[in-house]
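Summary of structural features
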Amino acid sequence: MTDELLYANQWNTSAQYFYEKGYYSWMEEKLSSFNTVLEIGCGTGYSTLALVEKGHQVIAIEKNMDCITQAKKLLSDKGYSKQNVIFIEGDIAEDDIRNDLINRFEFDVVICWNVGSYWNRKMIEYYLPFMLEYGLDRQQIAANPESSYSELIIWNACRLASTKGVAAHIIDRGTKAITKHTDSYYYTLKDEFNFRTIEYNNKVANSISGGGRMLSTNGNVNSEEKVDIVFVSILYK
Ligand SMILES: C[S@@+](CC[C@H](N)C(=O)[O-])C[C@H]1O[C@@H](n2cnc3c(N)ncnc32)[C@H](O)[C@@H]1O
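Identification of the protein chain as Methyltransferase family protein from Longibaculum muris is taken from an unreviewed UniProt entry.

In this section: the layout of surface pockets. The volume enclosed by the second largest pocket comes to roughly 280 Å³. Surrounding the second largest pocket, 14 residues form its lining, Glu 4, Lys 63, Tyr 118, Asn 120 and Met 123 being those nearest its centre. Of all the secondary-structure elements, those providing two or more residues to the lining of the second largest pocket are helix H1 (3–20) and helix H6 (124–134). Sorting elements by how many residues they give to the lining of the second largest pocket places H1 first, with 4 residues. Taken together, the residues of the lining of the second largest pocket break down into 6 nonpolar, 1 polar and 7 charged.

What surrounds the ligand is a group of 22 residues, the closest being Tyr 24, Gly 41, Glu 62, Trp 113 and Tyr 149. Within the contact set of the ligand, an oxygen atom lies 3.4 Å away from a side-chain nitrogen or oxygen of Trp 11. A distance of 2.4 Å separates an oxygen atom of the ligand from a polar side-chain atom of Glu 62. When isolated, the ligand has an accessible area of 600 Å², and the protein chains bury 100% of it. Among the detected pockets, the ligand sits in the largest cavity. If you list the elements that add at least two residues to the shell around the ligand, you get H1 and helix H8 (145–164).

About the criteria used
Per chain, the residues get numbers from 1 upward, laid out in the order the sequence is written. The predicted origin of the model limits local features to residues at a pLDDT of at least 70 and limits the giving and counting of side-chain atom pairs to 80 or more, whereas totals for whole chains, interfaces and linings rest on all residues. The side-chain quantities take in all heavy atoms of the structure and omit both hydrogens and water. We place a 1 Å grid over just the protein atoms. Points where a 1.4 Å probe fits but has no way out form a cavity, open points with protein on both sides within 12 Å along at least 5 of 7 lines form a pocket, and any residue with an atom within 4 Å of a point lines it. Grid points are joined across faces, edges and corners, and a volume is the space filled by probe spheres set on the points. Per the convention used, a helix needs a DSSP run of H or I reaching at least four residues, while a strand needs a run of E reaching at least two, with both numbered from the N terminus. Throughout this entry, Asp, Glu, Lys and Arg are counted as charged residues, while Ala, Val, Leu, Ile, Met, Phe, Trp, Tyr, Cys and Pro are counted as nonpolar. The remaining residues, Gly among them, count as polar. Residues are classed as near a molecule or strand on a simple rule: at least one heavy atom within 4 Å of it. Polar contacts, as used here, are pairs of N or O atoms within 3.5 Å; protein pairs need one atom able to donate a hydrogen and one able to accept it. Residues neighboring in sequence count only if both atoms are side-chain atoms. Throughout, the Shrake-Rupley method with a 1.4 Å probe supplies accessible areas, and for residues the shown protein chains are the sole cover considered. More than half of a molecule's atoms lying within 2 Å of a cavity's or pocket's grid points is what places that molecule inside it.

This is how it looks when you write it as structure tokens:
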């Protein structure tokens, strides 16, 4: 099995759990005033499903073709079509892809939900120049490659939204709630990209096996293991 397919299968388990617990509905509630959503990194489609069920049109961009295949099947099994969602294979870190999305599509909000768990070590060579362009130095990247990658993707989501003149919605998973009093990161993006407002919301939740990667206990995959998490919602307008 390829790494991409393994990732898609593992993430699908976590995403289905999030869907069934209503966590994607909670995320979608923040978007009720927006019609068309550009979703960055749709994974296997459970987040997309929660959006179309509430009447949004979705343009979903995803770099893992195995995720797209599973997302397409999920949406079509549930009765949705190209009129509800368009899937595009592509990497949001690439200028050509972002420019193409800006020029070809109309959308009201860019969302980037839960990109955090995607990192694997093989990606460092390709993404290092992008992370340096974003403004991290080599020491920061080496110390925290996964969060460096996550920041890179969130930054690109905000950059895309700001260039298009639309809102941006970020969902991050952590262990602590973030409020305007404790935030030392997200408000810097508000200023960098000239958003007028920033809204914080948090939801205490849990995740199967750390989210996206099932834990092994004594050599056995344990899909029941729950991990306490906090979903952090950041909405820029
Ligand atoms: C943890 S999943 C989250 C999926 C969905 N947003 C959700 O909340 O269920 C992150 C997804 O982002 C995709 N992704 C990561 N980096 C990306 C990039 N540079 N461009 C497009 N998609 C990306 C991954 O392939 C993965 O499917």
